[in-house]
Amino acid sequence: MNYFYFFAFLGLSVLILIKPITQSIVNKFLELKDVRPLGYITIFIGLLCLLTATNQNDWHQTMWMLVTFIIGVLLVMRGLALLLFADHIKSLVTKIFNNYFRWMIPISMMLVFLAFLIISRDYLGPEKNIEVCQSDEVIDVFCGFKNPEDIVVLPDNEWLLISEFGGIDPFGKDNSSFLKLFNLKTKRILDINLTFGINEWGQDSCQRDKNDSFNTHGIGIVERDDGRYQLGVINHKPRETVEMFELIKKDEEWGIEWKGCIEADPTIYLNDIAFFKDGTFYTTYMFDRGLTWNRWLLDVLFKPETGHVKYWDGKSFSILEKSFGSQPNGISLDEDARTLYIAYNTGDSVKSYDIDKKEIKNTFFVQSPDNIVIKNDSLWVTELNHQPGDSSTCIESIACSLPFTIIELDKNKLEPVKEYKVKESAFGLPTVAVPHNDYIYIGSFHADRIAYLPIK
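Per-chain numbering applies: the sequence of each chain, read as written, is numbered from 1 onward. Totals for whole chains, interfaces and linings use every residue, but because this is a predicted model, local features are given only for residues with pLDDT of at least 70 and side-chain atom pairs only at 80 or more, for both listing and counting. Excluding hydrogens and water, the side-chain figures rest on all heavy atoms present in the structure.

A. Local environment of the packing of helix α1 (residues 2–15) against helix α4 (residues 63–84). Relative to each other, α1 and α4 sit at 50°, their axes nearing to 9 Å. Here α1 is positioned oblique relative to α4, judged by the angle of their axes. Of the residues in α4, those touching α1 at Asn2, Tyr5 and Phe9 are Met63, Trp64, Val67, Thr68 and Ile71. Working convention: axes come from line fits to C-alpha atoms, limited for helices to the stretch in contact. Angles between N-to-C directions cover 0 to 180 degrees. For helices the rule is a DSSP run of H or I covering at least 4 residues; for strands it is a run of E covering at least 2, with both sets numbered from the N terminus onward. The cut-offs work like this: below 35 degrees is roughly parallel, past 145 is roughly antiparallel, 65 to 115 is roughly perpendicular, and the gaps in between are oblique. Contacts are assigned to residue pairs with any non-hydrogen atoms lying within 4.5 Å of each other.

B. Molecular detail of the nonpolar core. Buried Ala, Val, Leu, Ile, Met, Phe, Trp, Tyr and Cys residues that are joined via side-chain atoms within 4.5 Å together make up what is termed a nonpolar core. We call a residue buried when its accessible area falls under 20% of the maximum for its residue type, exposed when it is over 50%, and partly exposed in between, using a 1.4 Å probe and counting protein chains only. Core analysis: the largest hydrophobic core is formed by 33 residues, its most contacted members being Tyr5, Phe9, Val67, Ile118, Ile168 and Phe287. At the level of elements, α1, α2 (19–31), α4, α5 (86–98), α6 (100–120), β12 (281–288) and α7 (293–302) are the ones that each hand at least two residues to this core. Looking at this core element by element, the count peaks at six residues for α6. Setting aside chain neighbours within four positions, we find Tyr5 in contact with Trp64, Val67, Thr68, Ile71 and Ile118.

C. Summary view of the environment of Gly125. On the secondary structure map, Gly125 appears in the loop between α6 and β1 (140–143). By relative accessible area, which is 17% here, Gly125 ends up buried. Separated by 67 residues in sequence, Gly125 and Asp58 place their C-alpha atoms 8.4 Å apart.

D. View of the packing of α5 against α6. In the contact formed by α5 and α6, the axes pass within 5 Å of each other and the chain directions differ by 90°. Judged on the interaxial angle alone, α6 and α5 are roughly perpendicular. For the pair formed by α5 and α6, the contact residues are Ile96, Phe97 and Asn98 on the first element and Tyr100, Trp103 and Met104 on the second. For the contact of α5 with α6, a count of residues per class yields five nonpolar, one polar and no charged. Residue type decides the class: Asp, Glu, Lys and Arg count as charged, Ala, Val, Leu, Ile, Met, Phe, Trp, Tyr, Cys and Pro as nonpolar, and the leftover types, Gly among them, as polar.

E. The arrangement of the packing of aromatic side chains in detail. Side-chain rings of Phe, Tyr and Trp (the six-membered ring for Trp) are treated as a pair once their centres are within 6.5 Å; stacked means planes under 30 degrees apart, edge-to-face means over 60, and tilted covers the remaining angles. Taken as a whole and assessed by the stated rule, the structure comprises 31 aromatic pairs. Aromatic pair Phe6 and Phe116: ring centres 5.2 Å apart, planes at 85°, arrangement edge-to-face. Taken together, the residues span a long stretch of sequence, with Phe6 in helix α1 and Phe116 in helix α6 at a distance of 110 residues. On the numbers, 6.4 Å between centres and 80° between planes, the contact of Tyr229 with Trp254 is edge-to-face. With Tyr229 in strand β8 (residues 229–235) and Trp254 in strand β10 (residues 253–263), this pair connects stretches of sequence that are 25 residues apart. Take Trp254: its relative accessible area is 7%, and that puts it in the buried class. We note Arg208 situated over the ring of Phe214; from NZ or CZ to the ring centre the distance is 3.8 Å. Note on geometry: a ring has a charge over it if NZ (lysine) or CZ (arginine) is within 6 Å of the ring centre and within 35 degrees of the ring normal. The aromatic ring of Tyr344 is capped on one face by Lys351, whose charged end is 5.1 Å from the ring centroid.

F. Expanded view of the state of the cysteines. Whenever a pair of cysteine sulfur atoms sits within 2.5 Å, that pair is classed as a disulfide. Taken as a whole, this structure holds two disulfides when the rule is applied. At a sulfur-sulfur separation of 1.9 Å, the disulfide partner of Cys133 is Cys143. Residues Cys133 and Cys143 are joined through a disulfide that is left-handed, its torsion about the S-S bond being -95°. On the criterion of sequence distance, the pair formed by Cys133 in the loop between α6 and β1 and Cys143 in strand β1 is long-range, its members being 10 residues apart. One disulfide bridge connects Cys206 with Cys261, the sulfur atoms lying 1.9 Å from each other. Handedness here is read from the sign of the S-S torsion; for Cys206 and Cys261, about -110°, the answer is left-handed. Within this pair, whereas Cys206 is found in the loop between β6 (193–196) and β7 (216–223), its partner Cys261 is found in strand β10, the two being separated by 55 residues in sequence. We classify Cys261 as buried; its relative accessible area is 0%.

G. Broad picture of the sheet that holds strand β14 (residues 317–319). With antiparallel pairing, four strands are arranged side by side in an open sheet as β11-β12-β13-β14. The sheet is open, and its two edges are formed by β11 (268–275) and β14, each paired on a single side. In this sheet, neighbouring strand axes are inclined to one another by 30° on average, regardless of whether the strands run parallel or antiparallel. Examined bridge by bridge, β11 and β12 share six bridges and lie antiparallel to one another. DSSP calls a pair of strands paired once it identifies at least 2 bridges connecting them.

H. Expanded view of unusual backbone geometry. Cis geometry is adopted by the peptide bond preceding Pro170, which originates at Asp169 and carries an omega value of 0°. Omega for the peptide link from Lys237 to Pro238 comes to 0°, which places this bond in the cis form. Checked against the element boundaries, Pro238 lands in the loop between β8 and β9 (241–250). One non-glycine residue, Lys303, adopts positive backbone phi at about 55°. Relative to the elements of secondary structure, Lys303 occurs in the loop between α7 and β13 (308–312). Positioned with a positive phi, Lys322 is a non-glycine residue whose angle comes to about 60°. As for its placement among the helices and strands, Lys322 is situated in the loop between β14 and β15 (328–334). Lys322 gets classed as exposed once you look at its relative accessible area, which sits at 54%.

Structure representation (structure tokens):
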């Protein structure tokens, strides 16, 4: 609705400056002998706006609901005025048109201001101070992480593998980061043991110095046809690569052995990875390096195509047809169903893609989705219930309490099955929701903790 009001107010700001159009509308109004039907219709629409705006207890904390409420009040007042003071209103309209641009230019400027205000803000409620990492009455957290951006369940179902995110432009510095293990029984957090093997699953030309740092992002695991577990990690440091590791369990703990890397275009950023069982994979190209904060805000607003999905066939990358969109982020593959699921972050959508037909099957609106998790017949995605302007207070904070929603979707129809709405909690800015056993484990691109909720 924020985008609806944005474009509606912008369009209206232009329309009222075109005098011939507004003159014809006003002339029809002035020619009406009985304005009461118009007054009743206006009041009816106003009451609908009021009912729509106030159907939630905390409606006043959401920008579009507050705007809808104000519009409803103004429409009801306008309808009553038409019923009670029709002649006076016609006289006032005539006077305004005698000094048309003196009135319309300031009104047009006000509408432009309101349009950008609405698109920059959404959440108007209180923000909780969560600098101290501890659970609260809304959500439970585990502390000791740094930007736990992606999470996968390891094959023994006893450990989570968590990718900590070091940051990319324009959202932060290119800091070093790597992977951590989290034991679901003991609640222990461990640095994963890394060893270096032969370059078996990467390019011959792609080598890594053992002393080089990583900046990890999206991760994916597949059980290969030979029974080994292959881990792919999107990495931004010291250059853009897809790093390959073998997952190996020894003495009840997991370790990884480096098995090669694949170099990506150095002018772009990748985000996530989804494997076939033969080790080939899809990855999302988000946007070009050098993106500025202002340009990103424009992308959020106008949703241009900034990237696409790439396919690695074992030798080279190719572009997946009809996968272009506004900041492709999370990606997940159902190999048996021959379906790929793609989250377009600034495109506010999750899409299912038919691999064989090379076309989009279904689309579902989600505000700023990130990673996608497949569990049985469902997809699990996160949704940010705020606009970019709301998060300015979060930049320098350890963690952020802005509201969000965890959404379970039917993976075939892309229709919602269940939603978990969270606000004023000890967690925020979610990126991934992983259902496992009786809980949903949630990661974040800006936090020192992961969170978990009971599955209802």
